[in-house]
Amino acid sequence: MLASDLCKYLFLDPPTRSQLRSGGLVVTSLTATTQAVRPGSCYVAIKGENFDGHEHLAEVFAAGATLAVVEQPVAREFADRCVRVANTHKALAQLAQAFYCEPSRELNVVGVTGTNGKTTITQLFSQVLEGVGVRTGVIGTLNIRDGNRIVPTCNTTPDALTMAAEMRAMVANGVRTCALEVSSVALDQGRSWGLDFDTTIFTNLTEDHLDYHGTMANYYVAKSKLFIQNAAFNGRAKTAIINGDDDYGRKLVELATGTAVNVITYAIDTPATVRAQHLQMSAAGTTFSLLFGGQEYVCTIPLLGKFNVYNVLAVFAAAYVQGLTVEQIIAALAQVHGAPGRMQLLQAADKITGIVDYAHTPDGLEKVLSTLKQLERGRIICVFGCGGDRDHGKRPLMAAIAVHLADVAIITSDNPRSEDPEQIVAEMVGQLAPQQYRLELNRAKAIKLAVSLAQPGDVVLVAGKGHEDYQIIGSERLHFDDREVLAAALQERF
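Residues numbered from 1 in each chain as written. Predicted model: local features only at pLDDT ≥ 70, side-chain atom pairs only at ≥ 80, totals over all residues. Heavy atoms only, no water.

Visitor: Would you explain the packing of helix α12 (residues 306-321) against helix α13 (residues 326-333) in this entry?
Guide: Packed helices, taken two at a time, are described by the angle their axes make and the gap between the axes. Contact geometry of α12 with α13 gives a least axis separation of 10 Å together with a crossing angle of 140°. On the basis of the axis angle, α12 is oblique to α13. Taken as a pair, α12 and α13 cross one another with a handedness that is right-handed. Between α12, through Val312, Val315, Phe316, Ala319 and Tyr320, and α13, the contact on the second element is made entirely by Val326, Ile329 and Leu333. For the contact of α12 with α13, the per-class residue count stands at eight nonpolar, no polar and no charged. (Axes fitted to C-alpha atoms, helices over the stretch in contact; angles between N-to-C directions. Helix = DSSP H or I, 4+ residues; strand = E, 2+ residues; numbered from the N terminus. Parallel < 35°, antiparallel > 145°, perpendicular 65-115°, else oblique. Left-handed = near helix turned anticlockwise from the far one by under 90°. Contact = heavy atoms within 4.5 Å. Nonpolar A, V, L, I, M, F, W, Y, C, P; charged D, E, K, R; others polar.)

Structural data, given as structure tokens:
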């Protein structure tokens, strides 16, 4: 496409557009990776923590780039081939949608944000819609499903180019709806800036990612950008689905009310558009009364915990917005299965229950442990750690929650990354007495220790990594799957 047409999406000053138009430059590919530059490429220079694309302009133009988009001054020799913008992350997002002919406008895009629940909601939403014949794509922590392929992902929310390309593939594959996990970091960086969301969902906001955002106030502002962005697009009805029991959710309701966005609230403890009451939980699942539209319905889900009821309420609202009937949704919810690594159960022969969960925040760990305590079981033995190069503030909080709610807390290593695992543990247990926990830094040995301590009726919870099949130690990414190790430990015991 013509560079002038592509750059219209950057809201450039008219003189810049005129120069591009008169030059007749043609763009044949769009990239933010130097290695992917080809003759005719438009290269977007991104400045990251370890790499600054602005320092490689000579390289990309030597490779044949037609145009570069930058956010800082460049050498005079490159000036006539560069377009300067305020934020190249946002520019890449807008250009990606333009280059792939606005695929998000051809899909019903459902964006889910919040500290916990994003993966479960997108997975359950997909299962409900697929159950009634609506082809649904998913982009998130577990993978990308475009209707034909399943592609692994590295980040909760991929880069803007990947999202645009995958959404175009979804359209080509007959997908009608796309469920997308939208992280706070992606929102802050503008990766989702060019997307036309039809429905946005807010789950909750609890301490996480403060290594990036600094404060909870900044964290909230980043999350709120999804709902501001949702209202910015015109032409189609927009819906915001918000957890009304969450303090930050109530702030978002105030933000969204009065805009062109339809607001639906869901809750358990307070009145809401969609509400659950009279929760009854067993090892087989949860039953509750669902209040909606002045009617009361009995809903049974094969999932454990109050937090999963919140997830299901959000899914119910989102599916209803898509046009499904209440009866269709309730029937489909009775058949769903949880996301991998989210309260995933492994049962042993002598009635020791093994569970793997992704809980890696104080709120997430507290909710999982509180749920397990409601079951008529024996002791809870919890294995967990905290990741390196991440929020330091949550480390003592998670340790305190574990020793308070679990009968046996075994502290181990998670993904230490560049940090010393012993230093991470020191920050976790600084306010605890040694007799309150057991320590085994080798994660596999820690899991085996938990199983060796368990008696019939006990629950062994391995928390923090969930679906992950790797452990990052230093710069190495080593194969490690909590589910494999726990299953093997349970089997070896008998």
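Visitor: I keep staring at the confidence of the model for the protein chain and nothing clicks. Help me out?
Guide: Do not read the predicted coordinates in detail wherever pLDDT is low. Per-residue confidence for the protein chain gives a mean pLDDT of 90; residues scoring 70 or more make up 93%. When the criterion is pLDDT under 50, residues 13-22 qualifies, and its contacts beyond four places in sequence or with other chains add up to twelve contacts. (pLDDT = per-residue confidence, 0-100.)

Visitor: Would you mind showing me how to read the packing of aromatic side chains here?
Guide: For any pair of aromatic rings, the description rests on two quantities: the centre-to-centre distance and the angle between the ring planes. Inspection of every chain in the model, using the stated rule, returns seven aromatic pairs. Ring geometry for Phe61 against Phe78: centres 5.6 Å apart, planes inclined by 25°, an arrangement best described as stacked. Here Phe61 is found in helix α3 (residues 57-62), whereas its partner Phe78 is found in helix α4 (residues 76-79), with 17 residues between them in sequence. Judged on exposure class, the residue Phe61 and its partner Phe78 are both buried. Relative to Tyr100, the ring of Phe99 lies with its centre 5.4 Å away and its plane at 80°, an arrangement referred to as edge-to-face. Taken together, the ring pairs connect Phe292, Phe316 and Tyr320 into an aromatic cluster. Positioned above the aromatic ring of Trp193, the side-chain terminus of Lys90 is 4.0 Å from the ring centre. The ring of Tyr470 is capped by Arg477, whose NZ or CZ atom sits 3.6 Å from the centre of that ring. (Phe/Tyr/Trp six-rings, centres within 6.5 Å; stacked < 30°, edge-to-face > 60°. Buried < 20%, exposed > 50% of the residue type's maximum accessible area, 1.4 Å probe, protein only. Lys NZ or Arg CZ within 6 Å of the ring centre and 35° of its normal.)

Visitor: Help me out: how do you make sense of the nonpolar core in this one?
Guide: Nonpolar side chains tend to gather and get buried jointly when the protein is soluble and globular. Counting 40 residues, the largest nonpolar core has Val128, Ile201, Val274, Phe288, Leu313 and Leu333 as its most contacted members. Elements that contribute at least two residues to this core include exactly β5 (108-113), α6 (118-131), β12 (261-267), β13 (274-282), β14 (285-292), β15 (295-301), α12 and α13. Sort the elements by how many residues they give to this core and α12 lands first, with ten residues. Among residues more than four places away in sequence, those in contact with Val128 are Val315, Ala319, Leu324, Ala332, Leu333 and Val336. (Core = buried A, V, L, I, M, F, W, Y, C linked by side-chain atoms within 4.5 Å.)

Visitor: Explain the environment of Gly117 to me, please; I cannot follow it from the model alone.
Guide: Along the chain, Gly117 falls in the loop between β5 and α6. Aside from chain neighbours lying at most four places away, what touches Gly117 is Thr203 and Asn311.

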